[in-house]
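This is what each chain is made of:
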Amino acid sequence: MKKPLIGISGSTTHLENGLFAGYKRSSLDQSYIDSVIRAGGVPYVLPFNTDDEIIEEMVKNVDAIILSGGNDVFPLLYGEEPKEKLGEIFPDRDHFDTILIKTAEKLKKPILGICRGHQLINVIFGGTLHQDLSYAENISIKHFQKAKWNVFTHSISIDKNSFLNDIFESGIGFVNSFHHQIINKIAPGFKPIAKSSDGVIEAIENLNTQNLILGIQWHPEMMSATDKYAHKIFKKFIDYVKSKKKDEI
Ligand SMILES: [Mn+2]
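Here we summarise the structure given alongside this text. Worth saying up front: this structure is predicted, and the values here are computed from it rather than measured.

Observations regarding the sheet that holds strand 11 (residues 190-196)
Strand order in the open sheet formed by nine strands is 4-1-5-6-13-12-11-8-9, with mixed pairing between adjacent strands. One side of each edge strand has no neighbouring strand; the edge strands of this open sheet are strand 4 (42-46) and strand 9 (172-175). Mean inter-strand twist for the sheet, computed between neighbouring axes without regard to direction, equals 25 degrees. Relative to strand 6 (residues 111-114), strand 5 (residues 64-67) runs parallel, the two sharing three bridges. By the bridge assignment, I65 is partnered in strand 6 with I111. Against the sheet, helix 3 (residues 91-106) touches strand 1 (5-9), strand 4, strand 5, strand 6 and strand 13 (213-216), its axis set at about 150 degrees to strand 5.

See below:
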């Protein structure tokens, strides 16, 4: 059977100084690409742009999408004015990712959102975020670690009845953590499937079993080369995409 085509949302970066200061470059962390290949998928970078028709067309050409991490979500998308501790925003990318999510949902293509992608899924389907951890109550652990990207620093407990259950068989996982925003109100139609010990929603899954929409707050792509559990998340997602394709034939 052909390997599934996995579209991964890209972003844009630019150099700060010198002759090419401000000149834009399409960008995506290599680890997303390597994680998909390692798990049996064919990665396609979906380049950031602002043309709705083109964005929809890109989704039609892949079997599933992965939303990569990045800037804070624009708070007006969930009805809040920006607060003091909001980080850098990129509203055009929110628009890009929103069209990706809505098109994939409409076409019943599985969605995996990572970090910002997890947060944006929650917002697009009607949930809200805390613009910074300090605006939430009872946060007691460090969620923006000062350790290398592939080092796990905090534990999570896993919902027994979820996509993650057979990946973390013991019910406990250990993950890296590079986020200062968290889910506040979870979107209708979704359930929390992993939580840190201070109650932060670290993963969500949709209740509709016809097409998987999964959000992961940590960065499994940064760990998948060295951590079997992180690898298994990509493997199970891509295996799910494969089995879904087979059902369609
Ligand atoms: Mn965390």
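Considering the coordination of the manganese ion
At this site the manganese ion is bound by H143 (ND1), H154 (NE2), S177 (OG), H179 (NE2) and E202 (OE), with donor distances of 2.2 to 2.4 Å. Counting the intervening residues between successive donors of the manganese ion yields the motif H-x10-H-x22-S-x1-H-x22-E. You can see H143 sitting in the loop between strand 7 (129-130) and strand 8 (154-158) and its partner H179 sitting in the loop between strand 9 and strand 10 (182-183), a full 36 residues away along the chain. Each member of the pair, H143 together with H179, is buried.

Structural notes on helix 2 (residues 52-60)
Buried residues of helix 2: I55, M58 and V59, and no others. End-on, the buried residues of helix 2 take up no more than an arc of 100 degrees, which puts them together on one face. The opening residue of helix 2, the one whose side-chain oxygen lies 3.0 Å from the backbone nitrogen of E53, is D51.

Thoughts on the environment of G126
With respect to the helices and strands, G126 occurs in the loop between helix 4 (116-124) and strand 7. Note: C-alpha distance between G126 and K148 (22 residues apart in sequence) is 33 Å. Ignoring any residue separated from it by four or fewer positions in sequence, one finds G126 in contact with K185, A187 and P188.

About the criteria used
- Each chain carries its own residue numbering, running from 1 in the written order of its sequence.
- With pLDDT at 70 or above as the cut-off, local features in this predicted model cover only qualifying residues; side-chain atom pairs require 80 or more to be listed or tallied, and sums for whole chains, interfaces and linings still use all residues.
- For side-chain calculations, the full set of non-hydrogen atoms in the structure is used, while hydrogens and water are omitted.
- Here the rule is simple: two strands pair whenever DSSP picks up at least two bridges between them.
- Under the scheme used here, helices are H or I runs from DSSP no shorter than 4 residues and strands are E runs no shorter than 2 residues, and both carry numbers assigned from the N terminus.
- Note on geometry: axes are C-alpha line fits, over the in-contact stretch for helices, and angles between N-to-C directions span 0 to 180 degrees.
- Contacts are assigned to residue pairs with any non-hydrogen atoms lying within 4.5 Å of each other.
- Water is not among the atoms examined, so metal sites may look incomplete; donors are the N, O and S atoms within 2.8 Å of the metal, or within 3.2 Å for Na, K and Ca.
- Classification of residues uses two cut-offs on accessible area relative to the type maximum, computed with a 1.4 Å probe and protein chains only: under 20% is buried, over 50% is exposed, and between them is partly exposed.
- Here, the arc refers to the directions that run from the helix axis to the C-beta atoms.
- Here a polar contact means two N or O atoms within 3.5 Å. Within protein one must be a hydrogen donor candidate and the other an acceptor candidate, and residues neighboring in sequence count only if both atoms are side-chain atoms.

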